[in-house]
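Close look at the chain arrangement
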Amino acid sequence: MSTPRHLLLVDDDADLLQLLSLRLTANGYRVTGVASAEAAQAQLAMDLPALVISDIRLPGKDGLALFDEIRAQYPALPVILLTAHGTIPDAVEATTRGAFAYLTKPYDPKILLAKIEQALSLTASVDGNADEAWREELISRSPRMAEVLSEARLVAVSDASILIRGESGTGKELLARAIHRASRRAKAPFIAVNCAAIPEQLLESELFGHVKGAFTGAVEHRKGLFQAADGGTLFLDEIGDMPLPLQVKLLRVLQERTVRPVGANDSTPVDVRILSATHRNLDAAMADGSFREDLYYRLNVVTLALPLLVERREDIALLANHFLQAIAERYQKKLNGFAPDALEILMMASWPGNVRQLYNVVEQVCALSTAPLIPAALVQRALRVPALEVLRYADAKQRFERDYLIQLLKLTDGNVADAARLADRNRTEFYRLLQKNGLDPRLFRGDEEDVAIERQE
């Protein structure tokens, strides 16, 4: 049974909002209703819907301003505008800028339902899709990731080249595999190659193949990865690190849809979709001449940008528990989860290595854990961070006072009069502070003579 598709309604007319919510719920949708653009923006950040239906006339920020912000932040999210007669020109203008449709009030409920169905049939929102096998490796409930996945699903059905941007460890290859599974090429090969991991002198042969005798060691004909991926998808990871001479040859392959193996005289046709990824700034690389501008535009027909893990913190606990279950099964250990303070540490960590670092941390604590519940100490050790201790105010104050008194006694070699003077307290009051904190000034002196003087005093 599929999950109901989520719709966000925005209208300051409480009666109309309730009526429309009831009608759409009765038609099998999950509905959230809000009364302002500001409330809509907050809701979008918490739970990305499959469709937004908004009135144009709203208190404060109007529906057109909300629409513009939706287009900027969530370009694949369809919006239907509801308008009174006086705002029809605005609604028409909004549709030219990308709004899916507009309806005038009072609208026909059947027409609205038809528009909703049309919009949802043209989009591929990950919210509520019955068939989510294509993105099963990408565990997320983050609105940021939901938008990326929605765009990925939309472009997967085409043959457009896609450039995936993101820092190391954000899941670029996983997204590429998901796009392949959602495409018409899903039954054909998916082949991934890391352009930075193969020496330059071998990368050309790896990509395009070679004929026997083409170079020393070429003892037989060998197909390259382009031919191996024929009919399917070739994922070029770290494309920004590809040497310039190979960029020229790759551009020729993309233009002519043929490959010429090293040492061969003839070219072979190939039908391959190219997905590429990089953590480098290709705009800067083009500016300094290390990346070809013409190749960039061939590869970058569509850009998808993966967020950092710290930009999707709501996914950290979800991912950590998912990894824990998978790794515990592989290690044949009975692990139930993370202690609450351990989970809090994971949630608040900086994660410079993103999802890959999180996986490594979970694997380490799985290997070292001797209890069913992962303790905070193991997580701190894996993250290489000092233990965080949060004290009550009274305890923190007492600790500071004790440490302060110890420092004064060290500075004065246990001379109470000098220590009291530095603390701007009389000696009697200072003695009381020492007694309260269980401190004996004689322990800070170096000989018996000082102890005798103290007793005389």
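About the thresholds
- Residues numbered from 1 in each chain as written.
- Predicted model: local features only at pLDDT ≥ 70, side-chain atom pairs only at ≥ 80, totals over all residues.
- Heavy atoms only, no water.
- Helix = DSSP H or I, 4+ residues; strand = E, 2+ residues; numbered from the N terminus.
- Rg over C-alpha atoms; globule rule 2.2 N^0.38 Å.
- Buried < 20%, exposed > 50% of the residue type's maximum accessible area, 1.4 Å probe, protein only.
- Contact = heavy atoms within 4.5 Å.
- Axes fitted to C-alpha atoms, helices over the stretch in contact; angles between N-to-C directions.
- Parallel < 35°, antiparallel > 145°, perpendicular 65-115°, else oblique.
- Left-handed = near helix turned anticlockwise from the far one by under 90°.
- Nonpolar A, V, L, I, M, F, W, Y, C, P; charged D, E, K, R; others polar.
- Expected span 1.5 Å × (residues − 1).
- Arc of directions from axis to C-beta.
- Salt bridge = Lys/Arg side-chain N within 4 Å of Asp/Glu carboxyl O.
- pLDDT = per-residue confidence, 0-100.

**Quick notes on the overall build of the protein**
Looking only at helices and strands, the protein has 20 helices and 16 strands in total. Since a compact globule built from 457 residues should have a radius of gyration of about 23 Å, the 32 Å found for the protein marks it as more spread out than a globular shape. Taking the principal axes of the C-alpha coordinates as reference, the protein spans close to 105 × 80 × 50 Å. Buried positions account for 46% of the 457 residues belonging to the protein. Considering only contacts in the protein between residues 6 or more positions apart, those separated by 24 or more positions represent 71%.

**Quick notes on the packing of helix α13 (residues 316–331) against helix α15 (residues 354–368)**
To describe two helices that pack against each other, one gives the angle between their axes and the distance between the axes. In the contact formed by α13 and α15, the axes pass within 9 Å of each other and the chain directions differ by 45 degrees. The angle between α13 and α15 falls in the class oblique. The interaxial crossing formed by α13 with α15 has right-handed handedness. Between α13, through I316, L319, A320, F323, L324, I327, A328, R330 and Y331, and α15, the contact on the second element is made entirely by V355, L358, Y359, V362, E363, C366 and A367. Split by residue class, the contact of α13 with α15 holds 14 nonpolar, no polar and two charged.

**Describing helix α17 (residues 393–411)**
Its 19 residues place the ends of α17 27 Å apart at the C-alpha level, agreeing with the 27 Å of an ideal helix rising 1.5 Å per residue. Along α17, the residues that are buried comprise E401, L405, I406, L408 and L409. Burial along α17 is one-sided: seen end-on, the buried residues are contained in an arc of 165 degrees. Relative to its buried face, α17 has exposed residues pointing more than 90 degrees away, namely Y393, F400 and L411. Contact partners of the buried residues in α17: α18 (416–422) and α19 (427–436). At the C-terminal side of α17, D413 shows a positive phi close to 55 degrees.

**Topic: the environment of L299**
By the element assignment, L299 lies in helix α12 (residues 293–299). Separated by 147 residues in the primary sequence, L299 and A152 place their C-alpha atoms 15 Å from one another. Ignoring anything within four residues of it in the chain, the contact list for L299 reads S161, I162, L163, I239, L254, I274, S276 and F291.

**A closer look at the pattern of salt bridges**
Going through the model one piece at a time under the given rule, you end up with 18 salt bridges. Between K61 and E69 there is a salt bridge, with the nearest N and O atoms lying 3.0 Å from each other. Exposure remark for K61: the relative accessible area of 24% places this residue in the partly exposed category. Taking the relative accessible area as the measure of exposure, E69 reaches 25% and is therefore partly exposed. Close ionic contact of R280 with D241 constitutes a salt bridge, the shortest N to O distance being 3.9 Å.

**Points about the confidence of the model for the protein**
When the pLDDT values of the protein are averaged, the result is 85; 91% of them are 70 or greater. Throughout residues 124–130 the model reports pLDDT below 50, and contacts reaching past four residues in sequence, or to other chains, amount to 27 contacts. For residues 448–457, every residue scores under 50 in pLDDT, and the model assigns this stretch ten contacts once sequence neighbours within four places are set aside.

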